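# Report on the structure
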Amino acid sequence: MISFSRTIAQAILVFSIALSATGQAPTATSASARPADEERALRAFAAIRPIDVHVHVFKTEPAFQKMLERLNLKLLNILVMDDTNLNRKQLLSQIEDAVALVRSSGGHIALCTTFDPYKFEGASFSADAVKQLDRDFEQGAVAVKIWKNIGMEIKDSSGQYVMADDPRFEPIYKDLANHGKTLMTHQAEPDVAWGPKDASDPSWSYYRENPQWYVANRPGFPSKQRILDARDDVLARNPKLRMVGVHLGSMERDLNNIASHLDKYPNFAIDTAARMEYLMLMPPEKVSAFLIKYQDRVLYGTDLDLYSDANLPDALTEWQSTYARDWKFLATGETLTVEGKQVRGLNLPQPVLQKIFRSNAIRWIPGL
Ligand SMILES: [Zn+2]
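Overview of the structure. This structure is a prediction, so every number in the text was calculated from the model and none was measured. (Residues numbered from 1 in each chain as written. Predicted model: local features only at pLDDT ≥ 70, side-chain atom pairs only at ≥ 80, totals over all residues. Heavy atoms only, no water.)

### Quick word on the sheet that holds strand E6 (residues 242-245)
As summarised here, the arrangement of the nine strands in space is E8-E7-E6-E5-E4-E3-E2-E1-E9, forming an open sheet in which the pairing is parallel. The two strands at the open ends of the sheet, each matched to only one other strand, are strand E8 (298-299) and strand E9 (304-306). Where strand E4 (residues 143-146) meets strand E5 (residues 182-185), four bridges bridge the pair, whose relative direction is parallel. Note on E5: the bridge partner recorded for Lys145 is Met184. (Pairing = 2+ DSSP bridges. Helix = DSSP H or I, 4+ residues; strand = E, 2+ residues; numbered from the N terminus.)

As structure tokens, then:
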């Protein structure tokens, strides 16, 4: 993903320089600075009134809002509690900022809130979390996220990793089901996080930059299977709770496994966030058949972010090139270069695209 964006950014730079030489003055954000094929893809993407169900946005600016309007784009902005990240350490200020962002967005941004799982051993943890989430729902939150720190980071006082099916989380799941809200679960990580090192894996660069999540050769560390089993246990015990397993439900290399989960759990759907490249690198006939068969169960998401210190022109370039690339892959028969390989677009039927890019989001995350 990152290397792809960089390539695109370089291509745009070269293109911009070429335009400058002819006396025009493009900017990185203007339509004229983008290659014609990207512009064409973005126009078709906008026409479907897309919803991206997986972004992390910490600020807005007129040019960002303009992009949302130009692309007819709605975002689900997901909050995460991460005690290692300054932007994500404090819950209440994150919620406050996110609610303000939603209100300033003219209907283009919705909120997926979260709770503080680090407090899970406190006597009033479940009751406090439920109270806070109910307040967030009153302020318009449409979904709740749990993150990989459950399963992979947070331990109880006896040194055991806490799992998603811990009884202390159960009242929260019940509350969500009662309110008709959706649980977005990021559980575990791509296979490669458990090793061995694989430079050809689309997620490998992430572990180079975030070695704390590379868990190979850590004695006693939970297996990926164990973490996903705990998630599945939540699905089985809460049949009225809608769950979206983000990042292809962390089953990014195995469409058969995703399919059997979708067959087994009618309350389960997946998003594509940050895992589109895995789909791009699989045999196209297999991916097409999967997306057509499960066309009601796949939601489009990217994991794009906009941190408060982000350079806006660069961010706009990355966001739009990602949307153009994903559209080309799913909606056209054009050829893309992914991780150095030539990949043919799937050219999915229009009704399937309409579901993946829009209506599945509305059905699985009511209120969007
Ligand atoms: Zn994310």
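Here the narrative resumes.
### Quick notes on the environment of Lys328
Tracing the backbone through its elements, the reader meets Lys328 in helix H14 (residues 312-331). The buried category is assigned to Lys328, whose relative accessible area is 11%. With 222 residues separating them in the primary sequence, Lys328 and Gly106 have C-alpha atoms 28 Å apart. What Lys328 contacts, discounting residues up to four positions off in sequence, is Asp37, Glu38, Ala41, Glu334, Leu336 and Gly345. (Buried < 20%, exposed > 50% of the residue type's maximum accessible area, 1.4 Å probe, protein only. Contact = heavy atoms within 4.5 Å.)

### What to know about the coordination of the zinc ion
With distances of 2.1 to 2.2 Å, the protein atoms coordinating the zinc ion are His54 (NE2), His56 (NE2) and Asp303 (OD). Donor residues for the zinc ion sit on one chain with the sequence pattern H-x1-H-x246-D. Here His54 matches His56 in class, with each residue buried. (Donors = N, O, S within 2.8 Å, 3.2 Å for Na, K, Ca; no water.)

### A few points about unusual backbone geometry
Of note, the bond from Gly195 into Pro196 is cis; its omega dihedral lies within 30 degrees of zero at -5°. Positionally, Pro196 belongs in the loop between E5 and helix H8 (204-209). Even without being a glycine, Arg49 presents a positive backbone phi close to 55°. Along the polypeptide, Arg49 turns up in the loop between helix H2 (36-47) and strand E1 (51-57). Using a relative accessible area of 46% as the deciding quantity, one classes Arg49 as partly exposed. Of note in this structure, Glu339 is not a glycine but carries a positive phi near 50°. Here Glu339 shows up in the loop between strand E10 (335-338) and strand E11 (341-344). A residue is classified by how much of its surface remains accessible, and Glu339, at 31% relative accessible area, is partly exposed.

### Describing helix H15 (residues 350-364)
An ideal rise of 1.5 Å per residue puts 21 Å on 15 residues; H15 measures up with 20 Å between its terminal C-alpha atoms. Turning to H15, its buried residues number three or more, namely Val352, Leu353, Ile356, Phe357, Arg358, Asn360, Ala361 and Trp364. (Expected span 1.5 Å × (residues − 1).)

### So, the packing of aromatic side chains
Applying the stated criterion across every chain yields a total of 21 aromatic pairs. Ring geometry for Trp327 and Phe357: centres 5.1 Å apart, planes at 45°, overall tilted. Here Trp327, found in helix H14, pairs with Phe357, found in helix H15; they are 30 residues apart in sequence, far enough to count as distant. For the pair Trp327 and Phe357, a shared accessibility class is recorded, and that class is buried. Directly above the aromatic system of Phe221 lies the positively charged group of Arg218, at a separation of 6.0 Å from the ring centroid. (Phe/Tyr/Trp six-rings, centres within 6.5 Å; stacked < 30°, edge-to-face > 60°. Lys NZ or Arg CZ within 6 Å of the ring centre and 35° of its normal.)

### Points about the nonpolar core
The biggest cluster of nonpolar side chains holds 120 residues, and the ones touching the most others in it are Trp319 and Tyr323. Top contributing element to this core by residue count: H14, with 10 residues. (Core = buried A, V, L, I, M, F, W, Y, C linked by side-chain atoms within 4.5 Å.)

### A short note on the packing of helix H11 (residues 255-264) against helix H13 (residues 284-293)
The geometry of H11 relative to H13 is characterised by a closest axis approach of 11 Å and an angle of 10° between their N-to-C directions. Here H13 runs roughly parallel to H11, going by the angle between their axes. Contacts from Leu255, Asn256, Ile258, Ala259 and Leu262 of H11 reach H13 at Lys286, Val287 and Phe290. Taken together, the residues that form the contact of H11 with H13 break down as six nonpolar, one polar and one charged. (Axes fitted to C-alpha atoms, helices over the stretch in contact; angles between N-to-C directions. Parallel < 35°, antiparallel > 145°, perpendicular 65-115°, else oblique. Nonpolar A, V, L, I, M, F, W, Y, C, P; charged D, E, K, R; others polar.)

### A closer look at the pattern of salt bridges
Counting across every chain of the model gives 19 salt bridges. Asp37 is paired through a salt bridge with Lys328; the nearest N and O atoms lie 2.6 Å apart. With Asp37 in helix H2 and Lys328 in helix H14, this residue pair connects regions lying 291 residues apart in the sequence. With a closest N to O distance of 3.0 Å, Lys148 and Glu189 form a salt bridge. (Salt bridge = Lys/Arg side-chain N within 4 Å of Asp/Glu carboxyl O.)

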